[in-house]
Amino acid sequence: MILNLTHKIEDGTVTEFFNREDMVSNPCEVPLGIDTIVIDTETSVRFLTSVLEQNDGAKLYAWVDNQFFDFQSNDMSCHQQEALKSKNYWVVKDINKLKIKYNTVFKNSFFDTYPTMLQVESTSLCNAKCIMCSHYYKDIKEGEHLSFETSKVLSEVLPYVETVMLHGIGEPFLNPDIIKWLDFYKSYDVHLSTFTNMSILTPALLEAIGRSFSALHISCDGCTEKTFEHIRGNLKYATFVKNIKKLRETYPNLKLHMHTVAMRQNLHELVGFVSFANELGFSSLTFSNLTINPLIRNDGDSLRCFPTMAKRAFAQVENEATKTGLKVTFPMEYLKYPDDDSLYRAEQEKYDSQVLFRDSSEVLLRAAKQNNEDLYATEELRVTDIVSSRYQCSGLCDWLSEYAYFDLKGNLAVCCSKYYITMGNISDYSNFNDLWNSPQYKAMRECFFRGEIPSLCQGCRYIVDKTLKNVSLKNYDEDFVKVQGIGTLYEKFSG
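Let me begin by describing the structure that accompanies this report.

The rules behind these values
- Residues numbered from 1 in each chain as written.
- Predicted model: local features only at pLDDT ≥ 70, side-chain atom pairs only at ≥ 80, totals over all residues.
- Heavy atoms only, no water.
- Helix = DSSP H or I, 4+ residues; strand = E, 2+ residues; numbered from the N terminus.
- Buried < 20%, exposed > 50% of the residue type's maximum accessible area, 1.4 Å probe, protein only.
- Contact = heavy atoms within 4.5 Å.
- Lys, Arg positive; Asp, Glu negative; His and termini not counted.
- Charge placed at Lys NZ, Arg CZ, Asp CG, Glu CD.
- Pairing = 2+ DSSP bridges.
- Axes fitted to C-alpha atoms, helices over the stretch in contact; angles between N-to-C directions.
- Salt bridge = Lys/Arg side-chain N within 4 Å of Asp/Glu carboxyl O.
- Phe/Tyr/Trp six-rings, centres within 6.5 Å; stacked < 30°, edge-to-face > 60°.
- Lys NZ or Arg CZ within 6 Å of the ring centre and 35° of its normal.
- Core = buried A, V, L, I, M, F, W, Y, C linked by side-chain atoms within 4.5 Å.

With that out of the way, let us pick up the overall build of the protein. A count of helices and strands for the protein gives 18 helices and 22 strands. Looking at the protein residue by residue over its 495 residues, the buried ones come to 55%. In the protein, 71% of the contacts between residues at least 6 apart in sequence involve partners at least 24 apart. The average position of the 52 basic charges and that of the 65 acidic charges among the side chains of the protein differ by 4 Å.

Pairing is antiparallel in the open sheet, where three strands are placed in the order S21-S17-S22. Edge positions in the open sheet fall to strand S21 (452–454) and strand S22 (471–473), since each of these has one partner strand only. If you compare each strand with its neighbour and ignore which way they point, the axes differ by 55° on average. Pairing between strand S17 (residues 388–395) and S22: three bridges, direction antiparallel. Of the residues in S22, the one forming a bridge with Cys393 is Leu473.

For strand S13 (residues 255–262), the tally of buried residues reaches seven of eight residues, placing the bulk of the element in the interior. Two elements, strand S11 (residues 215–219) and S13, share five bridges in a ladder whose sense is parallel. Looking at the pairing, Leu216 lines up with Leu256 of S13. With six bridges connecting them, S13 and strand S14 (residues 284–289) associate as parallel partners. By the bridge assignment, Thr260 is partnered in S14 with Phe287.

Considering all chains together, one arrives at 19 salt bridges under this definition. Between Arg211 and Glu207 there is a salt bridge, and its shortest N-O distance comes to 4.0 Å. Here Arg211 and its partner Glu207 are both found in helix H7 (residues 203–212), four residues apart, which amounts to about one turn of the helix. Take Arg211: its relative accessible area is 43%, and that puts it in the partly exposed class. One salt bridge connects Asp301 with Arg264, and the closest N-O pair in it is separated by 2.8 Å. Linking Asp301 in the loop between S14 and helix H11 (307–324) with Arg264 in the loop between S13 and helix H10 (272–279), this pair joins segments that are 37 residues apart in sequence. Note on accessibility: Asp301 and Arg264 belong to one class, buried. In this structure, a network of salt bridges that share partners links the residues Asp183, Glu207 and Arg211.

We now examine the packing of aromatic side chains. Evaluation of the coordinates by the stated rule reveals 26 aromatic pairs. Joined through ring pairs, the aromatic side chains of Phe273, Phe287, Phe314, Phe330, Tyr334 and Tyr337 make up one cluster. The ring centre of Trp90 lies 5.6 Å from the NZ or CZ of Lys93, which sits over that ring. The side chain of Lys336 reaches across the aromatic face of Tyr337, ending 4.0 Å from its centre.

With 154 residues, the main nonpolar core has Tyr185, Leu216, Phe240, Leu247, Leu270, Phe287 and Phe314 as its most contacted residues. Apart from the residues lying within four places of it in its own chain, the contact partners of Leu216 are Phe173, Thr194, Met198, Ile209, Leu247, Leu254, Lys255, Leu256 and His257.

Further remarks concern the sheet that holds strand S10 (residues 195–196). Here five strands make up an open sheet; going across it, the order is S10-S11-S13-S14-S15 and the pairing parallel. Bordering the open sheet on either side are S10 and strand S15 (327–329), each of which pairs with just one other strand. In the packing of helix H9 (residues 237–250) onto the sheet, the strands contacted are S11 and S13, and the crossing angle to S11 comes to about 170°. In the packing of H10 onto the sheet, contacts are made with S13 and S14, and the angle to S13 comes to roughly 160°.

So yeah, pure geometry; function would need other evidence.
Here it is in structure tokens:
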């Protein structure tokens with residue numbers, strides 16, 4: 001693999017170069033006076049930005065498919081088209097990835113590229129009624145599946161895409177054509193990934209998982225039967241455990257990653273998830289913050305209402321993970337809270353005074369008053385809604401450069417968290433790339449490139465948890481985590 005920085009390229013050969021690993025670990029050691037920079041698919045946008053800032057005017061080359069390409073020429077795009085014709089998809093994908101880096105570093109609001117990760121909603125149907133999800137108040141019998149006619153639209157994008165995530169607001173394995181879809185995606189040499197509640201495991205599906213996935217991301221919000229079944233309504237703890245064991249027995253090399261929404265209802269057993277996940281053979285355990293639902297009105301279930309308790313619970317999680325060797329991640333924001341006994345006691349009193357699992361009738365009553373179409377509706381983001389917050393940043397959000405969420409109806413959602421707010425529908429555009437460069441996308445990119453967080457993105461858990469590759473917040477405070485509602489649907493639900 002070619003390394004990043006060089007002084008000279010002669011006859012297609014690097015004659016003098018610097019070791020990339022040293023530069024990444026010691027960015028202050030980036031040499032000055034470099035006139036030529038060579039990047040590959042592993043070059044980080046942040047590192048490249050730093051190098052270019054210190055070496056203004058340096059010429060940029062790409063190393064891909066064992067060749068050098070000048071970004072200022074059309075040769076790389078021609079090579080990509082030849083690779084597309086011959087179905088050499090990983091060359092197509094690698095060049096796409098390099099061009100994304102170029103667009104991001106040089107702050108182009110128009111992206112002549114495609115996403116590297118496409119999240120495709122397989123179904124809106126779910127067999128669970130989790131207490132924090134919109135399915136909690138929706139009719140479980142209602143739902144749609146991704147039609148195979150949509151494969152024509154996806155065929156434009158998939159040669160460029162590295163990873164397809166199958167999930168959306170439903171359980172992906174409920175799509176009756178899911179095995180057919182798995183084979184379709186694999187025909188474009190994409191990596192497949194999904195989040196599943198692992199409540200379904202037929203013999204045919206088990207076989208398809210083995211040939212389609214190298215890893216599965218599995219949702220689990222309770223490590224005891226009582227907590228699991230209270231949070232994940234309609235699902236059975238025993239079935240979950242049985243299916244995980246069957247997966248592990250059949251495919252011992254399949255990586256399993258557990259994902260847990262940390263909330264008031266499972267706060268008391270967060271540390272228990274470590275041994276639970278470890279005993280079932282999971283490779284990792286990830287805790288995430290609860291996403292607030294305005295109709296459920298579950299603000300009080302967020303661990304942000306119990307930060308000191310959460311801090312101590314995650315400290316126990318870390319200690320237990322060290323003993324077991326399980327890789328564990330959790331929201332880092334709780335580390336900054338003081339470990340104060342009086343604050344802890346006050347939070348504990350509040351926690352103990354509340355009913356852990358509330359009656360759902362109040363939520364169902366509020367949902368019954370809403371127009372049923374609204375409960376399933378999406379709403380297109382208006383350019384006038386894209387305004388700057390008071391928070392500054394550097395870089396560009398991954399969801400505006402590399403990731404895209406494609407729903408059942410052909411909408412591109414803002415991101416997986418704001419799935420009900422869309423950037424436009426593919427039917428209104430001649431091709432995917434035109435939608436990818438809609439006025440909304442360009443306005444959002446321009447906002448980030450100005451160093452400003454759009455108000456729509458305030459409270460984003462990915463920014464708070466620092467899990468985005470290319471964007472970082474400069475002036476975080478406690479108000480940032482307060483999610484800003486936007487759109488008429490939000491106003492209806494929260495009113």
